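Spelled out, the chains give:
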Amino acid sequence: MGKVCDMRENSDRKGISTAAAAALAVVLLIVGVAAGYFAGSATVTPQTTTLTQTVARTITTTQTVSAAQTVTQTVTQTATVTTTAAAPGGLPEKVKIGVLLPLSGELGSIGVRMLYGAHIAAKIVNDSGGIGGRPVQIIAEDTAAVPDKALDAVKKLVEVQGVQVIVGPATSVEAATIAKYLNDRKVPAISMSATAAALSNLAKQYGDTYFWRVVGSDTIQARALADIMKEKGFKRIVTFVVSNDYGIGMEQMLLAQPGMRDRVVLTIRYDPTKGDYRTELEQVRAANPDVIFYALWVESGKIVFRQALDLGLDKIPTMGGEGMADEAFFADPRAAEYMVKTGLFGTRPTYDPKTYSYQIFYNMHKRLYGDEPSLFADYTYDATMVAILAVGHAGVYDGAKIKNALALTGQYYIGATGMKAMDPSTGDLLSQDYLIWRVELKDGKPTYNFNYGFWSLGTGVVWK
Amino acid sequence: MVDGLSLNIAQILFNSLLTGSLYVLAAIGLTLTYGILKFPNVAHAEFITFGAYIAYTVADIWKLGFEAGVLAAFVATGLLGVASHIFLFGPLIRKGASILHLTVASVGYGIVLRYAMQEIWGRKDLYYSAYYPGFDLGPIRVTPLWLSFIFLAVAIVAVFHLLLTKTKIGKAMRATSNNPSLAQASGIDTRKIILLVWFLGSALAGLGGVMKASDTRITPVLGWDILIMSFAAVIFGGVGSIYGTIFAGYTLGFVENLGVIGLVALKLSTEYRFLLGFLVLVFALIFAPQGIAGITFKSIRRRLSSSG
């Protein structure tokens, strides 16, 4: 799973009281517009006569946000008292949103708390009347972050529960495994945390875009990394990556950036099972680089760092992608020593938590669960919100039509984690911001400083 | 090739020596037991791991120092080998178990050992706290640990050579390996010799385990990473031949490290270095099916005259 960090460390919680009032007003506005939109589409497709009794009521509300801005909208709520299924073309009694998350296994503890994000999105929508009067229901299935189990879980959601839109899965390998099935059954999935660059090709590979994500692809991260390398003036770069999809993907993405082919003087893909990297590292030394770019797995990575320290490579600066911002590397004190000595730094997806959109999510999380949101609950919330809004946009509970609505839905949705405009040809998020972290010694202990710098498409590299 | 690439050949040869020493330590034990008992002991991988954990317990839990840990690993793993023979393989052999039975038994025994170790020391990676910083020895970067392991491996090779050629016990070992019943008939206590072989072979595996772990980390699957190459060294060197195994272990170490340079130059993954080692093995076996130990001047002459 890609690890995403927010800027909670440096956010100021105290100064939001006045902002909160304004936020609330804007949120009411957004929710109101959204609800009106759902109602509008719901009324376009009239209920058929098979329904025995339909009670419809129309509410007209006017919200005044400021003197200049007055929004009037009509919300039509349609309540059916029969138990018959929804008419063709309409929405079912309950709009099921399937969620694929690791609720057990190694990532189980994170996954359980990610699910909170989905429930918060459903609660906010249901509190304001659901989708055209139909409440949203979250149906979660456990994948244990194991690809085979993810495939079983998605089949269960689609075939047993009749789900037509899915939030998840969390990891890139799971996404790659279930992508063909999603395309075959025409059910879109929106991942909250799968960042592998290779997933951008799924749409082309299977003919249509049924895999989407609300977190930036590593392609954007590679651009950030290349910008940072140029800004630092590195002209002789060595890439040292684990020989698998993750490592080779990072290497290829980096080489694809303009001007990088001339700067990368040596590429090494290492075998993670071997545990003897002295000759690889000797070649790194011989290439006389300005910087070593690492994309390692933690287990083998610790050995690479330990042997690099032993070989005296600790004078060459080092960089890494988000996978390298993992405290598990510190388990080996020699690896940690190497990371501190070389000032290992790199990127990680981020967003600004001082926005109104984030505060809505944050406050609801506090209210419902009584504590701070944990890793990825925010992205899960946004993925669920996009799924719900797309159902409303489509007006029908049909995977293919919901898929067609996703691009436009994302375009006009500003979530807790920022803008969610996605490319309909790849399902990729169009823009992602990155913080720049660095390994430093704090009170004698190695730590990640997540406030070392910042990168976005608009600002470029900013050092702090 | 990359511009400005000035590879330090001395360093790469040193690295090869280090890799080869590890294979030699792990493979000698394997070939010893194979030579006398005629079955491949798959649980040898777990003996390697066991040594690494024993050294950790003595050096880092009881805090008796790393040197004491190395010694303890040598003795304890040797005793584990002896116990394995007395309680498992010995009784099986007496009951007339075939090579297949013994091999399968060793696989099962290995699994029991691995999970027992996982239960005792946990699944999490462990590290020796002992650390000796590296320094430059002429053109080569070394650490005291690397130097001492190469020294240890070479010393053991020398001691084994003397043991086998100059001592009575060594001759008894060779005799038992060649023909156990004849050895017994000529008054050699083959039972004692077999236990000695188990002790020495396992103890060297334990030493190899400490060496690998001090360079990387300690995990329950540590031995498995080395076992395949050890088997390759045993077959390459000629099953049961100690000299052949020593030569094969170092050859594989060199081929592997030189292979890495070629693979990186070709922009290929270094995962293929296993493949290079095995390619050497396959070609060697085509020309010398008995392994290196089977090569004699007579066989070369025969081959040359038959082809010419």
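Per chain, the residues get numbers from 1 upward, laid out in the order the sequence is written. Key to labels: chains lettered from A, ligands numbered from 1, both in the order written. Given that the model is predicted, a residue must reach a pLDDT of at least 70 before its local features are reported, and side-chain atom pairs must reach 80 or more before they are shown or counted; all residues, however, enter totals for whole chains, interfaces and linings. Only heavy atoms go into the side-chain values, all of them from the structure, while hydrogens and water stay out.

## A closer look at the overall build of chain A
Okay, so step 1: When its secondary structure is counted, chain A shows 14 helices and 17 strands.
Okay, so step 2: In this scheme, a residue with accessible area under 20% of its type's maximum is buried, one over 50% is exposed, and one in between is partly exposed, where area comes from a 1.4 Å probe on protein chains only. Relative to its 464 residues, chain A shows a buried fraction of 55%.
Okay, so step 3: Each accessible area is a Shrake-Rupley estimate made with a 1.4 Å probe; only the visible protein chains count as cover when residues are assessed. Of the accessible surface of chain A, which amounts to about 18,100 Å², a share of 55% is contributed by carbon and sulfur atoms. Working definition: helices are DSSP H or I runs of at least four residues, strands are E runs of at least two. Numbering for both runs from the N terminus.

## With respect to the overall build of chain B
Okay, so step 1: Looking only at helices and strands, chain B features 12 helices and 2 strands.
Okay, so step 2: Moving toward the C terminus, one meets the helices and strands of chain B in the order α-α-α-α-β-β-α-α-α-α-α-α-α-α.
Okay, so step 3: With C-alpha atoms as the basis for the radius of gyration, the globule rule is written as 2.2 Å multiplied by the number of residues raised to the power 0.38. Taking 19 Å as the expected radius of gyration for a compact globule of 308 residues, we find that chain B reaches 20 Å, a close match to that expectation.
Okay, so step 4: Based on the C-alpha atoms only, the size of chain B along its principal axes is roughly 65 × 65 × 35 Å.

## Some thoughts on the packing of helix α3 (residues 66-94) of chain B against helix α8 (residues 190-215) of chain B
Residue and element names in this part refer to chain B.
Okay, so step 1: Simply put, an axis is a line fit to the C-alpha atoms, just over the touching stretch for a helix, and the angle between two N-to-C directions goes from 0 to 180 degrees. Direction vectors running N to C along α3 and α8 enclose 135 degrees, while the axes themselves pass 7 Å from each other. Accordingly, the angle class assigned to the pair α3 and α8 is oblique. Handedness of the α3/α8 crossing: right-handed.
Okay, so step 2: Classification convention: Asp, Glu, Lys, Arg as charged; Ala, Val, Leu, Ile, Met, Phe, Trp, Tyr, Cys, Pro as nonpolar; all other residues, Gly among them, as polar. In terms of residue class, the contact of α3 with α8 is built from 17 nonpolar, 7 polar and 2 charged. Working rule for angles: under 35 degrees goes down as roughly parallel, over 145 as roughly antiparallel, 65 to 115 as roughly perpendicular, anything else as oblique. Note on convention: the crossing is left-handed when the near helix lies turned anticlockwise from the far helix by less than a right angle, right-handed when the turn is clockwise.

## Brief notes about the packing of helix α2 (residues 108-127) of chain A against helix α13 (residues 377-394) of chain A
Residues and elements named next belong to chain A.
Okay, so step 1: Following both chains from N to C, one finds α2 and α13 inclined at 40 degrees, their axes separated by 7 Å at the closest point. Taken as axis vectors, α2 and α13 run oblique relative to one another. The handedness of the crossing between α2 and α13 comes out as right-handed. Each of R113, M114, G117, A118, I120, A121, A122, I124 and V125 in α2 lies in contact with α13, whose residues at this interface are A377, T380, Y381, T384, M385 and I388.
Okay, so step 2: In terms of residue class, the contact of α2 with α13 is built from 11 nonpolar, 3 polar and 1 charged. Contacts are residue-level and defined by heavy atoms, with any inter-residue pair within 4.5 Å sufficient.

## With respect to the sheet that holds strand β3 (residues 95-101) of chain A
All names here are of chain A.
Okay, so step 1: By definition, two strands form a pair when at least two bridges between them are found by DSSP. The sheet built from 5 strands is open, its strands ordered β4-β3-β5-β6-β7 with parallel pairing. At either end of the open sheet lies a strand with only one pairing partner, and these are β4 (136-142) and β7 (211-213).
Okay, so step 2: When strand β5 (residues 166-167) meets strand β6 (residues 189-191), the two strands line up parallel, connected through 2 bridges. Of the residues in β6, the one forming a bridge with V167 is I190.
Okay, so step 3: Docked against the sheet, α13 engages β3, β4, β5 and β6, running at close to 150 degrees with respect to β3.

## Observations concerning the pattern of salt bridges
Residues and elements named next belong to chain A.
Okay, so step 1: Salt bridge, as used here, is a side-chain nitrogen of Lys or Arg placed within 4 Å of a carboxyl oxygen of Asp or Glu. Counting across every chain of the model gives 25 salt bridges over all chains.
Okay, so step 2: The residue D276 makes a salt bridge to R278 at a minimum N-O spacing of 3.4 Å.
Okay, so step 3: What makes D276 buried here is its relative accessible area of 5%.
Okay, so step 4: In this structure, the salt-bridge partner of E299 is K302, at a minimum N-O distance of 3.6 Å. Separated by 3 residues within a single helix, E299 and K302 lie in helix α10 (residues 298-310), roughly one turn from each other.
Okay, so step 5: On the accessibility criterion, E299 (37% relative accessible area) is partly exposed.

## Some remarks on the interface of chain B and chain A
Okay, so step 1: With 40 residues of chain B at the contact, the number on the chain A side is 35 residues.
Okay, so step 2: Note on terms: buried area is the combined drop in 1.4 Å-probe accessible area of two parts once they are placed together, counting the loss on both. Across the chain B/chain A interface, buried area totals approximately 3,300 Å², and carbon plus sulfur atoms make up 46% of it.
Okay, so step 3: In this assembly, chain B and chain A are joined by 4 salt bridges.
Okay, so step 4: The salt bridge partner of A:R278 is B:D215, with a shortest N-O separation of 2.7 Å.
Okay, so step 5: We define a polar contact as two N or O atoms separated by no more than 3.5 Å, with the added condition that, inside protein, one atom must be a possible hydrogen donor and the other a possible acceptor, whereas residues neighbouring each other in sequence contribute only through side-chain atom pairs. Summed over the shared surface of chain B and chain A, the number is 20 residue pairs in polar contact (both at pLDDT 80 or more).

## So, helix α9 (residues 222-237) of chain B
Residues and elements named next belong to chain B.
Okay, so step 1: The terminal C-alpha atoms of α9 lie 23 Å apart, and with 16 residues this matches the ideal 22 Å at 1.5 Å per residue to within 8%.
Okay, so step 2: The angle between axes fitted to the seven-residue stretch ending at a residue and the seven-residue stretch beginning at it gives the bend at that residue. Along α9, the largest kink reaches about 30 degrees and is centred on I228.
Okay, so step 3: Of all the positions in α9, only L222, G223, I226, L227, M229, S230, A232, A233, V234, F236 and G237 are classed as buried.
Okay, so step 4: Of the surrounding secondary structure, the elements contacted by the buried residues of α9 are α1 (9-37), α2 (44-61), α8, α10 (242-265) and α11 (273-287). To estimate how far a helix should extend, the number of its residues minus one is multiplied by 1.5 Å.

## A closer look at the pairing of strand β10 (residues 291-295) of chain A
All names here are of chain A.
Okay, so step 1: Counting buried residues in β10 gives 5 out of 5 residues, a clear majority hidden from the surface.
Okay, so step 2: Here β10 shows a buried face lined by V291, F293 and A295 and a second buried face lined by I292 and Y294.
Okay, so step 3: Pairing between β10 and strand β11 (residues 318-320): 3 bridges, direction parallel. Bridging across to β11, F293 finds its partner in M319.
Okay, so step 4: When the strands point away from the viewer, a crossover counts as right-handed if the route from the first strand across the helix to the second turns clockwise. Regarding topology, α10 serves as the crossover connection from β10 to the parallel β11, and that connection is right-handed.

## Some thoughts on the nonpolar core
Soluble, globular proteins show a tendency: their nonpolar side chains are buried together.
Okay, so step 1: Ranked by size, the top nonpolar core spans 120 residues in total, and within it A:F240, A:L281, A:Y294, A:V304, A:F305 and B:Y128 carry the most contacts.
Okay, so step 2: Ranked by residue count, the leading element in this core is α1(B), at 13 residues.
Okay, so step 3: Each residue touching A:F240, except ones within four places of it in the same chain, is listed here: A:I268, A:Y270, A:E280, A:L281, A:V284, A:I292, A:F293, A:Y294, A:A295, A:L296 and A:V304. The nonpolar core is taken to be a set of buried Ala, Val, Leu, Ile, Met, Phe, Trp, Tyr and Cys residues, with the residues joined through side-chain atoms within 4.5 Å.

## Examining the sheet that holds strand β12 (residues 345-350) of chain A
All names here are of chain A.
Okay, so step 1: Pairing is mixed in the open sheet, where 8 strands are placed in the order β9-β8-β10-β11-β12-β15-β16-β17. Two strands close off the open sheet at either side, each with one partner strand: β9 (264-270) and β17 (460-463). Across the sheet, the mean angle from the axis of one strand to that of its neighbour is 30 degrees, orientation sign disregarded.
Okay, so step 2: As judged from the 8 bridges shared by strand β15 (residues 433-442) and strand β16 (residues 445-456), these two strands associate in the antiparallel manner. The residue bridging I436 from the neighbouring strand is G453, located in β16.

## Here's the deal with the pairing of β15(A)
All names here are of chain A.
Okay, so step 1: Alignment of β12 against β15, held across 6 bridges, turns out to be antiparallel. Among the inter-strand pairings, R348 is bridged to a residue of β15, identified as L435.
Okay, so step 2: Hairpin connection between β15 and β16: a loop of 2 residues separates the two successive antiparallel strands, and D443 in this loop has a positive phi of roughly 55 degrees.

## Re the side chain of B:T143
Okay, so step 1: Tracing the backbone shows B:T143 in the loop between β2 (140-142) and α5 (144-166).
Okay, so step 2: With relative accessibility at 1%, the residue B:T143 sits in the buried group.
Okay, so step 3: When sequence neighbours within four positions are dropped, the list of residues in contact with B:T143 reads A:D310, B:Y132 and B:G134.

## Quick notes on the packing of aromatic side chains
Okay, so step 1: Pairs were defined over the aromatic rings of Phe, Tyr and Trp, the Trp ring being its six-membered one, requiring ring centres within 6.5 Å. Orientation was assigned from the angle between planes: stacked under 30 degrees, edge-to-face over 60, tilted for the rest. Applying the stated rule across the entire model yields 28 aromatic pairs over all chains.
Okay, so step 2: Within the aromatic cluster, the residues linked to one another by ring pairs are A:F240, A:Y270, A:Y277, A:Y294, A:F305, A:F329 and A:Y338.
Okay, so step 3: The ring of A:W463 has A:K232 lying over it, and the distance from NZ or CZ to the ring centre is 4.7 Å.
Okay, so step 4: Counting as a charge over the ring demands two things of the Lys NZ or Arg CZ atom: a distance within 6 Å of the ring centre and an angle within 35 degrees of the ring normal. The ring centre of B:W146 lies 4.7 Å from the NZ or CZ of A:R278, which sits over that ring.

## Here we look at unusual backbone geometry
Okay, so step 1: Omega for the bond connecting A:G168 with A:P169 falls within 30 degrees of zero, at -5 degrees, which places this linkage in the cis form.
Okay, so step 2: One non-glycine residue, A:N288, lies in positive phi territory at about 50 degrees.
Okay, so step 3: Within the fold, A:N288 resides in the loop between α9 (278-286) and β10.
Okay, so step 4: At B:K63, a residue that is not glycine, the phi angle is positive and equals roughly 55 degrees.
Okay, so step 5: Inspection of the secondary structure puts B:K63 in the loop between α2 and α3.

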